[in-house]
Amino acid sequence: MKLRSVWVFHLNTGACNGCDIEILDILTPYYDVERLGVKLVSTPRHAHALLVTGPLTRQTYYAAKRAYEAMPPKPRIVIAIGTCACSGGIFYDSYSIRRESERLRLEYPRTGGASEFLPVDVYIPGCPPRPEEILYGLALLLGLAKKKLSPRHYVGEEFVLPRTQFKAWVEVILKAKIRKELGYFDGYKLLERFMELVDIAETPEALQRLVEEAKTREKDSRIRDGLDKLYSYYLEVVRTYEALLNQKRGIPRIQK
Amino acid sequence: MPITKYYPFEPEQAPLEYRGVPEINPHLCVGCGACVNVCPPDALIKIDDYENGTRKIVLDIGRCIRCARCEEVCPTRAIRLTREFEAASNDRICHVEIVELKLAKCRECGKYVDYTERQLQKVLSLIPPGILEFDRIREKLPLCRECKRLLTVVNATKFEEEMRE
């Protein structure tokens, strides 16, 4: 059956309100879901589809059941919005969540949430999903967009080691330090750039020149500072390594 | 001027900082399970099969809350949050990504141990040259817990005998 103009009823089954605000967002003129024919109605008796958010608590179970049964029997579409409705999300193990079946520890896809007792047609994961994600899910339901994901199973892929021996060791130490300085988001990206410079440069002096060159091109002062710190940590690691080697050879360490 | 987005009919990109759908790179993943330990909603699970000698790292996007803790702890940067956000699907199995790896075999008893071959390679590649004796480490590494304990006992008794002599 081709769906044309879907009227939806918004059902919150114990969500944290994040997904509900995003649903409100798609009704604003900026995203304007009504141009796809989707209209929010105030009773399930007029609705073709339920927009379910939340992990289905024990208290909301009865209300959700009544809302679902009040819908007209024909299309009776259920759209699960948000990670909680899809699979329980962060609340999957909570005491207040209704469980339809025994949860196994190692099963996949992971079960839980409103999808356990309602037959869901479209799952829209996200915590919360962007308004675009919800629009995409509705477009998928209406046949305006194509599905992008497919199940992926990788067996026996080739193993790639980007760096080995000394450089890999340096990378591990620098990674821990830059995470404390800049955080993972900027820090790991910066470390990747820095390690590329290390791969090019042969001596610490050449590396210093490359770092200075990269600093002049960089506008963000945090990144410039991070480059400086990475270079000093790199020198520290190299010095420690040489000292260890000297100890191993039995040569007394020279104080600088 | 119309303000409304034309979105489902034209492509759209999330902002640079957006934490979208996570993805595992099967070429880099060593199967250490660090991401499994930190994942707050258990979207990542580790399934060991000691009979066939495989380990599965299973990622379920439908359970993921996009906190990026897995990206923070991954030692090889195999798992990353992409800017991709179009994850809606009518089937939950489409949200699942599985990376299957081989478990290492014990050198002494031939049973499968609780770490993968890739973890071994990674650990051996991390050691800088000249500090540790490679051959002695290589001898010890692919051992299961039982055999490791036995080896320790054997070495200790040898040492005691030497001391007596």
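Sequence positions are assigned chain by chain, starting from 1 and proceeding in written order. Note on labels: chains are lettered from A, ligands numbered from 1, in written order. For a predicted model such as this one, the threshold for reporting local features is a pLDDT of at least 70, and the threshold for listing and counting side-chain atom pairs is 80 or more; totals across whole chains, interfaces and linings nevertheless cover every residue.

(A) Fine view of the overall build of chain B. A tally of regular secondary structure across chain B gives five helices and six strands. Seen in sequence order, chain B has helices and strands lined up from the N terminus as β-α-β-β-α-β-β-β-α-α-α. The atom set for the radius of gyration is the C-alpha atoms, and the globule formula is 2.2 Å times the number of residues raised to the power 0.38. Taking 2.2 N^0.38 as the reference for a compact globule, 165 residues should give roughly 15 Å; the C-alpha atoms of chain B span a radius of gyration of 23 Å, well beyond that estimate. Reported as C-alpha extents along the three principal axes, the dimensions of chain B are approximately 95 × 35 × 25 Å. Every C-beta atom is placed from the backbone, and the number of other C-beta atoms within 10 Å of a residue's own sets its class: buried at 20 or more, exposed at 12 or fewer, partly exposed in between. The burial tally for chain B puts 32% of its 165 residues in the buried class. The long-range fraction of contacts in chain B, counting pairs at least 24 apart against all pairs at least 6 apart in sequence, stands at 70%. Labels follow the DSSP assignment, with helices taken as runs of H or I lasting at least four residues and strands as runs of E lasting at least two, numbered in each case from the N terminus. A pair of residues counts as a contact when their C-beta atoms, built from backbone coordinates, are within 7 Å of each other.

(B) Here's a closer look at the interface of chain B and chain A. Each side of the interface is counted separately: chain B has 48 residues, and chain A has 58 residues. Put simply, the parts of the chain that give the side of chain B that touches chain A at least two residues each are strand E2 (44-49), strand E3 (54-60), helix H2 (69-73), strand E5 (96-105) and helix H3 (117-126) of chain B. With five residues, the single largest contributor to the side of chain B that touches chain A is E5 of chain B. In terms of residue class, the side of chain B that touches chain A is made up of 26 nonpolar, nine polar and 13 charged. Strand direction decides the pairing type here: strand E6 (residues 152-155) of chain A and E5 of chain B, joined by four bridges, are parallel. Within E5 of chain B, the position partnered with Arg 152 of chain A by the bridge is Glu 97 of chain B. Following the grouping adopted for this structure description, the nonpolar residues are Ala, Val, Leu, Ile, Met, Phe, Trp, Tyr, Cys and Pro, the charged ones are Asp, Glu, Lys and Arg, and the polar ones are all others, Gly among them. Only strands joined by at least two bridges in the DSSP assignment are considered to pair.

(C) Layout of the confidence of the model for chain B. The predictor rates its confidence in each residue with pLDDT, a number between 0 and 100. When the pLDDT values of chain B are averaged, the result is 88; 98% of them are 70 or greater. Both confidence scores are given for the complex: pTM 0.86, ipTM 0.84.

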